[in-house]
Amino acid sequence: MCASSSLLLLSLEGDGRARQREKCLTLPSFSPSSLPSSSFPRQKKQITGNLWALWADATGHHGPILAFAYCAAGLLRYSLRYVKGFPQTLGVVLLMEALGSPVNIIADAAVIASGGGDEGSYGRTRLFGAVGWGLFSPVGGWLVQRRGLGAGFVANGAGWGSGLLLTLMLPVSVLSSSSSKKEERKREKGGAGASEPSSS
């Protein structure tokens with residue numbers, strides 16, 4: 001929980017940083033949503049992401065919804081290169097976040113469901129995602145510094161394109177089968193309760 005407040009910790013200096021980190025780690029009630037500047041965007045993204053995920057669960061169309069959300073958010077992110085002015089940028093960013101919000105939810109759910117009960121498989125998969133971010137962030141910064149912001153958008157678009165292939169390969173079919181199994185269990189429980197004779 002406290003790791004996501006790294007921007008807050010970076011603003012502290014010297015011994016104050018160590019004391020704040022120690023204090024943060026010992027406070028169980030601390031959460032990123034307690035930071036007022038980041039509260040609204042995070043809540044909006046959670047709400048829209050949950051609505052998308054509920055729709056995917058209700059219809060069983062996890063794959064098409066994931067592909068649409070990934071493509072829409074990626075295209076909107078790339079379009080930021082051409083957007084001018086604050087109101088237009090804000091509109092594109094809000095739409096991009098609303099449309100892209102189910103990507104992580106559905107992808108994470110697919111990874112967990114396909115793990116076959118192995119709790120470590122999710123951690124290993126996410127670890128390599130973090131390694132990728134860590135490796136390519138300095139490369140992206142170097143590229144933008146050397147070639148300008150446009151090169152950053154082009155590199156992001158190339159990464160997005162290769163990520164699209166991986167996104168389409170995610171085993172999202174396990175989500176539909178697991179939700180249908182849950183429905184069967186509910187029906188069996190309801191049917192078993194109704195078929196039992198009442199003892200009077």
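Preceding this paragraph is the structure being described.
Residues numbered from 1 in each chain as written. Predicted model: local features only at pLDDT ≥ 70, side-chain atom pairs only at ≥ 80, totals over all residues. Heavy atoms only, no water.

A. Spotlight on a nonpolar patch on the surface. A cluster of nonpolar side chains, contributed by Leu127, Phe128, Val131, Leu135, Phe136 and Val139, occupies part of the molecular surface with about 630 Å² of accessible area. Mapped onto the secondary structure, Phe136 falls in helix α7 (residues 119-147). Since its relative accessible area comes to 61%, Phe136 is described here as exposed. (Patch = residues over 30% accessible without salt bridge, like charges linked within 9 Å, V, L, I, M, F, W, Y side chains within 5 Å. Areas by Shrake-Rupley, 256 points an atom, 1.4 Å probe, with all protein chains shown as cover. Salt bridge = Lys/Arg side-chain N within 4 Å of Asp/Glu carboxyl O. Helix = DSSP H or I, 4+ residues; strand = E, 2+ residues; numbered from the N terminus. Buried < 20%, exposed > 50% of the residue type's maximum accessible area, 1.4 Å probe, protein only.)

B. Focus on the packing of aromatic side chains. Counted under the stated rule, the structure contains 4 aromatic pairs. Taken together, a centroid distance of 5.9 Å and an interplanar angle of 35 degrees make the contact between Trp52 and Phe68 tilted. Highlighted residues: Trp52 in helix α3 (residues 36-59) and Phe68 in helix α4 (residues 62-79), separated in sequence by 16 residues. A relative accessible area of 45% places Phe68 in the partly exposed class. For the ring pair Tyr78 and Tyr82, a centre distance of 6.2 Å and an interplane angle of 65 degrees mean the geometry is edge-to-face. (Phe/Tyr/Trp six-rings, centres within 6.5 Å; stacked < 30°, edge-to-face > 60°.)

C. Inspection of the side chain of Asp108 at higher detail. Take Asp108: it is sitting in helix α6 (residues 102-114). Once you skip the residues sitting within four places of it in the chain, Asp108 turns out to touch Tyr122 and Arg126. (Contact = heavy atoms within 4.5 Å.)

D. Fine view of the environment of Trp55. In this fold, Trp55 is placed in helix α3. Sequence separation between Trp55 and Ile65 is 10 residues; the distance between their C-alpha atoms is 8.8 Å.

E. Structural detail: the packing of α4 against α6. One can describe the packing of α4 onto α6 by two numbers: an axis separation of 9 Å at closest approach and a directional angle of 140 degrees. When the interaxial angle is binned, α4 and α6 end up oblique. For the pair α4 and α6, the sense of crossing is left-handed. Where α4 approaches α6, its residues His62, Ile65, Leu66, Ala69 and Tyr70 are matched on the opposing element by Pro102, Val103 and Ile106. When the residues that make up the contact of α4 with α6 are grouped by side-chain class, the tally is 7 nonpolar, 1 polar and no charged. (Axes fitted to C-alpha atoms, helices over the stretch in contact; angles between N-to-C directions. Parallel < 35°, antiparallel > 145°, perpendicular 65-115°, else oblique. Left-handed = near helix turned anticlockwise from the far one by under 90°. Nonpolar A, V, L, I, M, F, W, Y, C, P; charged D, E, K, R; others polar.)

F. Broad picture of the side chain of Thr48. Residue position: Thr48 is located in helix α3. Polar side-chain contacts of Thr48 include one of 3.0 Å to the side chain of Ser101. Residue contacts for Thr48: discarding those within four places in its chain leaves Glu97, Ala98 and Ser101. (Polar contact = N/O pair within 3.5 Å; in protein donor to acceptor, adjacent residues only side chain to side chain.)

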